[in-house]
Amino acid sequence: MAASCQSWLANEGSKHLLLLLWLSVNVGLFWKTFRIYYRGPQYYYLHQMLGLGLCLSRASASVLNLNCSLVLLPMCRILLSFLRGSRKVASRKTRRLLDKSKTFHVTCGVTICVFSVIHVAAHLVNALNFSVNYNEEFLALNAASYHGEDPRKLLFATVPGLTGVLMVLVLFLMSTASTYAIRVSDYDIFWYTHNLFFVFYFLLMLHVSGGVLKYQTNLKEHPPGCLNPNATIQEDRQFAPGFEKLPSENAPEPLPGGLVELEPFLQSSFVCTEEPKFQAHFPETWLWISGPLCLYCAERLYRYICSSNKPVTITAAISHPCDVLEVRMVKEDFKARPGQYIILHCPSVSSVESHPFTLTLCPTASEATFGVHVKVVGDWTERFRDLLFLHSTWDAEILPVFQQRRYPKLYVDGPFGSPFEECFHYEVSLCVAGGIGVTPFASILNTLLDGWEHYKLRRLYFVWVCRDIASFRWFADLLCELHNKLWQENRPDFVNIQLYLSRTDGMQKIIGEKYQVLNRRLLIGRPRWKLLFNEIAKCNRQKTVGVFCCGPSGISKALHKLSNSSNPYGTRFEYNKESFS
């Protein structure tokens, strides 16, 4: 059980610790702001007018400020790649947290939606209370123009109200278009609506500039609840819940930080020396979001300049079985590490749509070519394939370089980091691929062809599961070449290759005499994951094994569960999964 707890902590501990920290900051910020507006003397008269709506609206606003600033940071891909690749983050556990950037982005987004509902509901109550509880004594405190004013005027005829309504509309469009169904069915809708965040942040800046909610500035001269000699009714003054009126001698001085103890004020019969003065808050939202927003905009601008400056040179387009095409490219000063991914943008296919693809071939010191494998599964990939093979038959395997001028323009954004970069930093790694999920491991295997001595990696278990026998031919030549190289170097145990054909009508083989090495490693059926983990644990006692998965969710869940399980050999499995941010 100790080993199981140790594995769970290795895989989930840092993630849950970060989540707990984030949750604590949100709860603490909400409670602190709520308490300030509920008990703070500077908000006494405003709280009398608006009640709990004031506290909830301001507390939810503080949470929104925090998450509106955090939601942008996980999308700074260049920053994340720099932190991972430059080894600025020394701890592997901390680096693995970078793989959760997309999950954190979604979590912050959901939090923004939830607290926006609370914020809007509280302000609807506030708008009604501004109208119903119009204060004839302190006119500067009112947002309404007169008693009984239509609350809809406050929502649609003021800057804070109108910008708030527009932000709700923008947020609704962004959140609904971010669902998986819409992203898959029509990516353009997701792209256009998600880029409305520029409009959202602009409206947010205007929203906080209205100055509707005001606080009292002269607490010393006019403590809340003091006796006003000019007022006709003092003894019947009603105090908001939480405030009490008891006799006392003197009004206290403000405490450090601008807070004042309320009870001494409200317990006194202190005579006011002047009328209360009210002032709108200085907008603080821009202090929260300006840094992350400027950082993200600067990165977007830098990526746009670098990616759109010059299209890549396509050197070859290769058609593979099972609707897979390979694109090999060259770009000046392009550098990438094994396991990274790039974003392809082809204006001839779509002016706005772009897609991430893992590099299957990385540039080296001697060869500048890099490449990706694309599975044709949607409208974008179908149009992209048709443009690539427009001037040749589908059976043509390689389009020569001299036909380059006929290729569509293709722009590359990236490369960006992924968890598979950590594969070389384990002494033992288990790489599991499902179908086209083999692409990140292809770049790793290609790198091993150039030499493995200068890496920490000393044993690699490679498991590839496919439904169609022809799919193995995507990288059959690469696997055979790597196998032969390791045999020549007397290291046949460096890479353990297991191929599984999950769906078949009978025994099949990878066609070709040169693939006999792979035919001997081809198994029919699905892997028995528990036996595989036990075998690896037994052969690598007391070691840490990196588990890397790119494939269907069923395989991912099974590997994740086994990585957190115990074993009698003291072996610890650390789970990593591909997730494009």
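Since this is a predicted model, take the numbers as computed values, not measurements.

K.L.:
With reference to specific residues and values, describe the packing of aromatic side chains.
P.N.:
Inspection of every chain in the model, using the stated rule, returns 27 aromatic pairs. Look at Phe197 and Tyr296: their rings are 5.4 Å apart centre to centre, the planes differ by 75°, and that puts the pair in the edge-to-face class. Highlighted residues: Phe197 in helix α11 (residues 197-207) and Tyr296 in helix α13 (residues 285-308), separated in sequence by 99 residues. With relative accessibility at 8%, the residue Phe197 sits in the buried group. Ring centres 5.7 Å apart and planes at 80° place the aromatic pair Tyr426 and Phe548 in the edge-to-face group. Remark: Phe548 occurs in strand β13 (residues 544-550) and Tyr426 occurs in the loop between β8 (411-416) and β9 (428-434); sequence separation between them is 122 residues. Grouping residues by exposure puts Tyr426 and Phe548 together as buried. Members of the aromatic cluster, connected to one another through ring pairs, are Phe420, Tyr426, Phe441, Phe462, Trp464, Phe472, Trp474, Phe475 and Phe548. Of note, Arg77 hangs over the ring of Phe416, and the distance from its end group to the ring centre comes to 5.7 Å.

K.L.:
Describe the UniProt feature "transmembrane region" (unreviewed entry) in the protein chain, listing the residues and the values that go with them.
P.N.:
Per the UniProt entry, the sites bearing "transmembrane region" (unreviewed entry) are residues 17-38, 58-83, 104-125, 154-177 and 189-208 in this numbering. Within the segment residues 154-177, helix and strand shares are 92% and 0% respectively, and the terminal C-alpha atoms sit 30 Å apart. Annotated as residues 189-208, this span is 85% helix and 0% strand, and its ends, taken at the C-alpha atoms, are 29 Å apart.

K.L.:
A description of unusual backbone geometry should follow, citing residues and the corresponding values.
P.N.:
Gly414 connects to Pro415 through a cis peptide bond whose omega is 10°. Locating Pro415 in the fold gives a position in strand β8. For Asp323, which is not glycine, the phi dihedral falls at a positive 55°. Turning to its location among the elements, Asp323 is positioned in the loop between β3 (313-320) and β4 (324-330).

K.L.:
I'd like to hear about the pairing of β13, residue by residue, with values.
P.N.:
A regular strand places its side chains on the two faces of the sheet in alternate fashion. Of all seven residues that make up β13, six are buried, and the element is covered over most of its length. As defined by bridge partners, β9 adjoins β13 across six bridges and the pair is classed as parallel. Residue pairing for β13: Leu430 is matched across the bridge by Val547. With six bridges connecting them, β13 and strand β14 (residues 572-577) associate as parallel partners. Looking across to β14, one finds that Val547 is bridged to Tyr575.

K.L.:
An account of the sheet that holds strand β7 (residues 370-375) is needed here, citing residue identities and associated values.
P.N.:
What the six strands build is an open sheet, ordered β3-β4-β7-β6-β5-β8; its pairing is antiparallel. Because the sheet does not close on itself, it has two edges, and the strands there are β3 and β8. Between one strand and the next, the sheet's axes are offset by a mean angle of 30°, whatever the strand orientation. In this structure, strand β6 (residues 354-361) lies alongside β7, joined through two bridges in antiparallel fashion.

K.L.:
Requested: an account of the layout of surface pockets, with residues and values cited.
P.N.:
For the second largest pocket, the calculated volume is near 1400 Å³. Among the secondary structure elements, those contributing two or more residues to the lining of the second largest pocket are α1 (2-39), α3 (52-70), α6 (101-132), α7 (151-156), α8 (159-177), α11 and α13. Considering every element that reaches the lining of the second largest pocket, the biggest residue donor is α6, with eight residues. Residue classes in the lining of the second largest pocket are distributed as 28 nonpolar, 18 polar and three charged.

K.L.:
Explain the nonpolar core to me, using residue names and the numbers behind them.
P.N.:
Ranked by size, the top nonpolar core spans 39 residues in total, and within it Phe441, Phe462 and Trp464 carry the most contacts. Those elements that place two or more of their residues in this core are β9, α15 (439-449), β10 (459-466), α16 (476-488), β11 (495-501) and β13. The residues contacting Phe441, other than those within four sequence positions of it, are Phe420, Cys431, Val432, Ala433, Phe462, Phe548, Cys549 and Cys550. In terms of nonpolar packing, the next biggest core, distinct from the first, is built from 26 residues, Phe334, Val376, Trp380 and Leu388 among them.

K.L.:
Can you break down the confidence of the model for the protein chain residue by residue, with the values?
P.N.:
Counting all residues, the mean pLDDT for the protein chain is 82, and 85% of those residues have values of 70 or more. The least confident element of the protein chain is helix α12 (residues 262-266), whose mean pLDDT is 50; the most confident is α3, at 93. In this model, residues 391-405 is a region of pLDDT below 50 whose contacts with residues beyond four sequence positions or in other chains number 25 contacts.

The rules behind each value
- Residues numbered from 1 in each chain as written.
- Predicted model: local features only at pLDDT ≥ 70, side-chain atom pairs only at ≥ 80, totals over all residues.
- Heavy atoms only, no water.
- Phe/Tyr/Trp six-rings, centres within 6.5 Å; stacked < 30°, edge-to-face > 60°.
- Helix = DSSP H or I, 4+ residues; strand = E, 2+ residues; numbered from the N terminus.
- Buried < 20%, exposed > 50% of the residue type's maximum accessible area, 1.4 Å probe, protein only.
- Lys NZ or Arg CZ within 6 Å of the ring centre and 35° of its normal.
- UniProt positions renumbered as here; feature names shortened; annotations may be inferred.
- Pairing = 2+ DSSP bridges.
- Axes fitted to C-alpha atoms, helices over the stretch in contact; angles between N-to-C directions.
- 1 Å grid on protein atoms, 1.4 Å probe; cavity = no way out; pocket = protein on both sides within 12 Å on 5 of 7 lines; lining within 4 Å.
- Points joined across faces, edges and corners; volume = space filled by probe spheres on them.
- Nonpolar A, V, L, I, M, F, W, Y, C, P; charged D, E, K, R; others polar.
- Core = buried A, V, L, I, M, F, W, Y, C linked by side-chain atoms within 4.5 Å.
- Contact = heavy atoms within 4.5 Å.
- pLDDT = per-residue confidence, 0-100.

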